[in-house]
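Examination of the molecular architecture
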Amino acid sequence: MRSSARRSRATLALLLTLALHAPGFAQQTRMATVAPQTAQQTALPPASPVAPTAQPQQTPLTTFDTLLSADAYAIYGEVRGLGQYVTSKEVLELIAPMRLPGGAPPEALDLFNFMSRHADALTTARIMFAAMPTRPQLPDGIGAVELSSPEEAQKFETALRKFLKAHTTATTTTDVPNVDSTTTKTAVLGGGPVLVATAPPRARVRRGERRANARTPDKPGAPTVAPFYLKRVGTLVVMSDTAFKFAQLHPADAPLLMDEPGFQTARSHFPSEAVLVYFNTKRIEHNAAEQRAKYEREAEKQQALMRQAEKDAASGDKTGTDEPAVVVAEKIDANGNIVANPNTGNANALPKVEGAQVDPSLFPKESPSPIPEEEATPAATPQKLTPEEEAQAQQRRIAEQLFSVVPSLLFSGAPGSGNSQWPESIAVAAGFEDDQIVVRALLVNETDDGPQRPLPFVPLLLSGPAIAPAAAGVVPADTDVFVSASLDLPQMYDYVSSMLKLLDFAASAGSEQKGAKDSFEAQMGTFEKNSGFRIKDDLIAALGNEIAVAAPAQWLGVRRGGSGRQSASQPAHGPVFMIALNDKQAFKALLPRAFASVGLKGMSEQQLFEKRGEVELLTFAQGAVALIDRYLVVAPDAATMHHVADAYNNRTTLATTDAYRNAARWQPQQVLGQVYVSSALVQQMFEDPKSALEDIDDAAVRDVLLRLSAEPGAVTYGVTKENRGLLHELHVPKGLLGLMSADTLISQQLGPMRGREGQAQWALQSLAEREASYKEAHNRYGTLEDLKRAVRTEPGEEDEGEALFNPQVEGYDIKLNVSGDKFEATATPVDYRKSGRRSFYIDQTGVLRAADLSGRLANATTPPAN
C-alpha cells in the first residue's frame, strides 16, 4: 500500500514538472486533519461578527501570480504550453520507443496519455510547482494548474481527481489514536482518500502511548496518509501532499514571489521557454544551516546523555557486589525522562532528553582494572632531532597541511570562512529549438560587482573578460573534446595567495615553531629572488586570458567514426593544453630562467626551440612545448606535438571543419567559455541502432530503430556575461535522446543473448589457456578429462577446475577435439537466434574467432572476433 502511494506521488510530480523532478518534493508522510471545503468557502472567509454597519473584510482573489509568498518555498517551477508539446512531432518521436515493451513504466505512459487527452486545455494553461518549504506548517510540495476559465478548471479538476483515484490505493477505515489524542478515520472524498478529524475519544490516552504510536506509524491497523489533497478556486486547481490553507501559502503581510527582484530577472530572461525552474540559493542555504544546527543540537544532547550515563554507571548504587551499577534505559516517562530498566534494581532516572534512548551496549559490564603504579610503562623519552631532520620534518608538516586544505581552496573558499560563493538565485529553463534541446541557466548575483565565478562550487575559477576564442584555430581537426575559457589569472593568484596567508596565520597562532621565514609569502619571495623573475608581475603578466584543453577520441580509446576499437595504423595522440600569450617575446625571454629554477641550467633562448614549419618546438623527456601563433601549447609527448604542428602548418585545424562551425554557430562572438563534443564521440557512447537490426526479431522495435539517425550531432555549451550574472547555455541534439532510448531497447532485446555469448567466449579463452599450461607440463595437449585430472592434482583448485572445464554454458554447445599437436574448441548456439547468434572457435594459436554462421560450427577460416 505504501509502495502504491509512492508511485502515485511520483506520477503527480511528473505531471507537474514535465518529467523534471523538483528536489525535496514530498517524500515523507505526516498525520493531518482535513475538513472538506468548497471553493467559495476557501476563497472567501466567513463574515466577521461585528455591528451591521461595519463592512466585512474581503480576502484578495487567489490567482496564479498571488498564490505564493516570496518566503514560502526555495524552489519554484513553471511549465508553459504543455498541451502543445505533448502533441508535437518531436515529443511523439521521443516517446515512441518508450511505448514498446520494457520501455517507460506504465504509470508514466498513463500520465502522458492523460496529458494528451487534455492537450487542448493544457495548451493555454500554466502549471506551477514548488518545493522545499522555508516556513513551518507548509506542505512539502505544492502544484497548481491555471486554466482559461472557471468552467475549464472544474472539468479539469474532475478529470484529474478521477485519474489520481485510478492510480491511488484507497485505505481501509480504521480507528487509532494519533498524536493529538483524536480518533482519525480514513475516507474517500471525491475520489481521493483524505484524513478527516472526529471527536476526541472519552478515554484519555497516556503520553507514553502517544509517543509510541507516533514512532510506529506503519504498524498493522494504522491508517495510511492520503497521497494527495486537491482544491479548486477560480481558474486554479491546486494540489499538495497534505492539507493546506491559501492563507498559509501567502500571508496578507508577506511580499509576493512575483515581486522578488531575482525572480523578475529570471522571468524576463526566460519568458517563453517550456520549463522554468527558479532556485533561491539563499533560502536553500538557510534551510541547510537550520538542518545542520538541528543535527548539532541532537548530537550534543546524545553526548550529554552518554556522559551522564557513564557518570551514573560509575558511581551508581551498590547491590552487594563489587560490580558497578549499570543503567539500561528502555522508555520515556510522562515528563520526558529516560527511565532505567526496573530489572536492574536501579531506580535512578537519567536527565531529561527529548526523544532520546540509550543503547545498553554503550555501557561496560565491568570497570577496567587500573594499572598498578609499579607496573605502569614509563613514557618514552622523545629522541632529539638534528637540525637537518627537524627541517625535513617541518617541510613534511607544511606539505601535509597544504595537501589537506587543497580541497577547501578549490571547492569551498577560505577554510572556516563560511562565505558562500553561490549566486543569489539560479534560474534554469529548457525548450525545443529546431533539432536541439536547449537548456539555459542564469546565475543571478546580488550586484554586478566582484569577481564572476563560472562554477560556483569551484571558487578558484574566476572569469576574465569576454573574448573571441581562437584556440580552435590551433588544435587539429580530429579534436573531439574542446574546452576554452577566459580566466582572470592575476585574481586567481591573489585568491590562492590570500588563502595560503590565512593558513600561515592559523598555523602561527597554534605553533611556536613556525616563524616568519616559513610563511608562504617569505618562501615565495625567496623563490622569486633566486629565480630572477616575479610570478605575478613577470610570468602571469606575460600570459593572456584564454586557456583551452583539447583531446581526440583516440585518446579516450575510441576510433573516430569506427567500431570503437583503435587500429594499429592510428596512433593514440594525447590531450593538448593551451594558454594565450600577452607578450610572446617576454615569455620566451623568461623561459631560460624558468627552466633554470627547476634545475635545467645553461640553456639560452636560441638553444631551447627548433623550427617545424611555422611552429617553434621544444621537446624533452617529460613532454613537449611549442609556441604556435600567440599560444603556448603543451603536449604529453613529441608525437602529439608533431601532430598539432602539422595540422596547424597544413591549416587542417578544428576551426576549419564544417562540423565545428555549424555546431558553434549559435554562440555569440564574445564568450567567457565554450565546450564542444563532436558527434563522432557522442555516437560512440551508444550502439548504432542499424547494426542491431538483423539480430532483433520484434517488428515494432525494428521499425523504431529504422527511423533513428545514428549521427545525433555535436553537443555544445557556452557561458556569457549578463546583467547581474552569468548565462550558461547547453545545446543537446534531439537525436541523442533517441539514441538513449534505442540503446535501452537494444539492451533489453539482446542483453540475455549477448550475456550467453560472452560466457561462451570466456569459456573458450579459458580452455585455451589451460591447454597451453597442460602442454608445457606434459608436452602434449589434453582432453577435457585430462585437464580435469590435472587440476585435481593441484591443491586447493579442485572446485575451481570442475567449474572451469565443465563444458556447460547455457544456450551453447561446447566441444573440444585434440589431435596430435593440435586442438580445436568450438562453442555453437543450441537454439540459433534465441540462445545466441555467433559461433565461436579457438585452437592452439590462441586466436578467438567468431561470426554469425546461422547456427553452424565455426572453424579456422572464421574471422577473428572483434
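Since this is a predicted model, take the numbers as computed values, not measurements. (Residues numbered from 1 in each chain as written. Predicted model: local features only at pLDDT ≥ 70, side-chain atom pairs only at ≥ 80, totals over all residues. Heavy atoms only, no water.)

Topic: the overall build of the chain
Test applied: For the purposes of this entry, the term helix denotes a DSSP run of H or I that reaches at least four residues, the term strand denotes a run of E that reaches at least two, and both are numbered from the N terminus. Partly exposed describes any residue whose relative accessible area lies between the buried limit of under 20% and the exposed limit of over 50%, with all areas from a 1.4 Å probe on protein chains only and scaled to the type maximum. Contacts are assigned to residue pairs that have any heavy atoms within 4.5 Å of one another. Note that accessible areas follow from Shrake-Rupley with a 1.4 Å probe, and for residues the cover is restricted to the protein chains shown.
Summing up its helical and strand segments, the chain has 24 helices and 28 strands in all. Buried positions account for 42% of the 866 residues belonging to the chain. The contacts of the chain with a sequence gap of at least 6 include a subset with a gap of at least 24, amounting to 66%. Accessible area of the chain: about 46400 Å², with a carbon and sulfur share of 54%.

Some remarks on the sheet that holds strand β27 (residues 838–843)
What holds strands together in a sheet is hydrogen bonding between their backbones, with the strands either parallel or antiparallel. This is how it is decided: Pairs of strands are assigned from DSSP output, requiring at least two bridges between the strands. Angles run from 0 to 180 degrees between N-to-C directions of axes, and those axes are lines fitted to C-alpha atoms, restricted for helices to the stretch in contact.
Strand order in the open sheet formed by four strands is β25-β26-β27-β28, with antiparallel pairing between adjacent strands. Every interior strand has two partners, whereas the edge strands, β25 (812–819) and β28 (849–852), have only one. On average, each strand axis in the sheet is inclined to that of its neighbour by 15°, with strand direction left out of account. Of the pairings in the sheet, the one linking strand β26 (residues 822–829) to β27 comprises four bridges and is antiparallel in character. The residue bridging Glu-824 from the neighbouring strand is Asp-843, located in β27.

Things to note about unusual backbone geometry
A positive phi angle, near 55°, is found at Asp-434, a position not held by glycine. By secondary structure assignment, the location of Asp-434 is in the loop between β13 (425–433) and β14 (436–444). Notably, Arg-833 is not glycine yet its phi reads approximately 75°, a positive angle. Note that Arg-833 resides in the loop between β26 and β27.

Concerning the pairing of strand β15 (residues 479–486)
Here is the key point about a regular strand: its side chains alternate between the two faces of the sheet. Sheet topology places β15 next to strand β16 (residues 543–552); seven bridges connect them, and they run antiparallel. By the bridge assignment, Ala-485 is partnered in β16 with Ile-547. Relative to strand β22 (residues 673–677), β15 runs antiparallel, the two being bridged by five bridges. Paired with Phe-482 across the two strands is Tyr-676, which belongs to β22.

Looking at helix α11 (residues 281–314)
Along an α-helix, residues three or four positions apart point the same way, because every turn accommodates 3.6 residues. Our working definition: A helix's residues, less one, multiplied by 1.5 Å, set its expected span. For this analysis, a polar contact is any N or O atom pair within 3.5 Å, provided that within protein one partner can donate a hydrogen and the other can accept it, and provided that sequence-adjacent residues contribute only side-chain to side-chain pairs.
With 34 residues, α11 extends 49 Å from end C-alpha to end C-alpha; this agrees with the ideal 50 Å at 1.5 Å per step. For α11, the side-chain oxygen to backbone nitrogen distance between the N-cap and Lys-282 is 3.2 Å, and the N-cap itself is Asn-280.

What about the pairing of strand β2 (residues 126–133)?
Relative to β2, strand β1 (residues 73–80) runs antiparallel, the two sharing seven bridges. Bridging from a neighbouring strand, Tyr-73 pairs with Pro-133 of β2.

Description of the environment of Leu-617
Here Leu-617 shows up in strand β19 (residues 615–620). Sequence spacing of Leu-617 and Met-641 is 24 residues, and the spatial spacing of their C-alpha atoms is 8.2 Å.

A few points about the pattern of salt bridges
How we decide: Take a side-chain nitrogen of Lys or Arg and a carboxyl oxygen of Asp or Glu: if they are within 4 Å of each other, that pair is a salt bridge.
Taken as a whole and assessed by the stated rule, the structure comprises 25 salt bridges. Its salt-bridge partner being Arg-232, residue Glu-157 comes within 2.8 Å of it at the nearest N-O pair. Of this pair, Glu-157 sits in helix α7 (residues 150–166) while Arg-232 is found in strand β7 (residues 229–233), placing the two residues 75 residues apart along the sequence. Accessibility expressed as a relative area gives 13% for Glu-157, which makes it buried. Here Glu-260 and Arg-283 are joined by a salt bridge, their closest N and O atoms 2.3 Å apart. Of this pair, Glu-260 sits in the loop between α9 (246–249) and α10 (261–269) while Arg-283 sits in helix α11; the two residues are 23 residues apart in sequence, bridging distant segments of the chain. Across the pair, exposure class does not vary: Glu-260 and Arg-283 are buried alike. What you see here is one network of salt bridges that share partners, running through Asp-65, Glu-78, Arg-80, Arg-126, Glu-146 and Arg-267.

Considerations on the packing of aromatic side chains
Rules: Two rings belonging to Phe, Tyr or Trp (six-membered ring only in the last case) form a pair when the distance between their centres is within 6.5 Å. Interplanar angles under 30 degrees mark stacking, angles over 60 mark edge-to-face geometry, and anything in between is tilted. Whether a charge sits over a ring comes down to the Lys NZ or Arg CZ being within 6 Å of the ring centre and within 35 degrees of the ring normal.
Counting across every chain of the model gives eleven aromatic pairs. Consider the rings of Tyr-85 and Phe-432, whose centres lie 5.9 Å apart with planes at 35°: the pair is tilted. Separated by 347 residues along the polypeptide, Tyr-85 in helix α3 (residues 82–86) and Phe-432 in strand β13 bring together distant segments of the chain. A network of ring pairs unites the aromatic residues Tyr-76, Phe-263 and Tyr-278 as a single cluster. Cation over ring: Lys-231 sits above Phe-244, and NZ or CZ is 4.8 Å from the ring centre. The residue whose ring lies beneath Arg-651 is Tyr-648, and the NZ or CZ to ring-centre distance is 4.9 Å.

Considering the side chain of Ser-839
Here Ser-839 lies in strand β27. Judged by its relative accessible area of 0%, Ser-839 is buried. Here the side chain of Ser-839 touches Arg-856 through a polar contact of 2.7 Å, landing on its backbone oxygen. Once you skip the residues sitting within four places of it in the chain, Ser-839 turns out to touch Ala-827, Thr-828, Pro-829, Arg-849, Ala-850, Ala-851, Leu-853, Gly-855, Arg-856 and Ala-858.

Structural notes on a nonpolar patch on the surface
Rules: In this scheme, patches are assembled from residues that exceed 30% relative accessible area and form no salt bridge. Like charges are connected within 9 Å, while nonpolar side chains (Val, Leu, Ile, Met, Phe, Trp, Tyr) are connected within 5 Å.
Together, Val-483, Val-549, Phe-577 and Val-634 line one region of the surface with nonpolar side chains, adding up to about 260 Å² of accessible area. With respect to the element layout, Val-483 can be found in strand β15.

Remarks on the packing of helix α5 (residues 106–117) against α7
Threshold: Note on angle classes: values under 35 degrees are labelled roughly parallel, values over 145 roughly antiparallel, values of 65 to 115 roughly perpendicular, and the remainder oblique. When the near helix sits turned anticlockwise from the far one by under a right angle, the crossing is termed left-handed; a clockwise turn instead gives a right-handed crossing. Gly is placed with the polar residues, together with every amino acid not listed as nonpolar (Ala, Val, Leu, Ile, Met, Phe, Trp, Tyr, Cys and Pro) or charged (Asp, Glu, Lys and Arg).
Running from amino to carboxyl end, α5 crosses α7 at an angle of 165°, the nearest separation of the two axes being 12 Å. As the angle between them shows, α5 and α7 are arranged roughly antiparallel. Seen along the crossing, α5 lies across α7 with a hand that is right-handed. Contacts between α5 and α7 involve Asp-110, Leu-111 and Phe-114 from the first element and Phe-156, Ala-159, Leu-160 and Phe-163 from the second. Counted by class, the contact of α5 with α7 contains six nonpolar, no polar and one charged residues.

Let's talk about the environment of Thr-652
Along the polypeptide, Thr-652 turns up in the loop between α18 (638–649) and α19 (658–663). Accessibility expressed as a relative area gives 39% for Thr-652, which makes it partly exposed. Considered as a pair, Thr-652 and Val-475 are 177 residues apart in the sequence and their alpha carbons are 8.7 Å apart.

Topic: the nonpolar core
Inclusion rule: Throughout this description, the term nonpolar core refers to a set of buried Ala, Val, Leu, Ile, Met, Phe, Trp, Tyr and Cys residues connected via side-chain atoms within 4.5 Å.
Judged by nonpolar contacts, the single largest core of 35 residues is most densely connected at Leu-122, Leu-147, Phe-156 and Leu-160. Here this core gets six residues from one element, more than from any other, and that element is α7. The contacts of Leu-122, once residues within four sequence positions are left out, are Gly-81, Leu-82, Gly-83, Met-115, Ile-127, Val-145 and Phe-156.

Quick look at the environment of Ser-835
Along the chain, Ser-835 turns up in the loop between β26 and β27. Measuring from C-alpha to C-alpha, the distance between Ser-835 and Glu-757 comes to 8.4 Å, with 78 residues separating the pair along the chain. Ser-835 has contacts with Met-753, Arg-756, Gly-811, Tyr-812, Pro-829 and Val-830, leaving out every residue within four places of it along the chain. Within the structure, Ser-835 has its side chain in polar contact with the backbone oxygen of Gly-811 (distance 3.0 Å).

Thoughts on the confidence of the model for the chain
Where we set the bar: Each residue carries a pLDDT value, the predictor's own confidence for that position, ranging from 0 to 100.
Per-residue confidence for the chain gives a mean pLDDT of 74; residues scoring 70 or more make up 67%. Segment residues 560–569: pLDDT under 50, and 20 contacts once partners within four positions in sequence are set aside and those in other chains are kept. In this model, residues 797–804 is a region of pLDDT below 50 whose contacts with residues beyond four sequence positions or in other chains number eight contacts.

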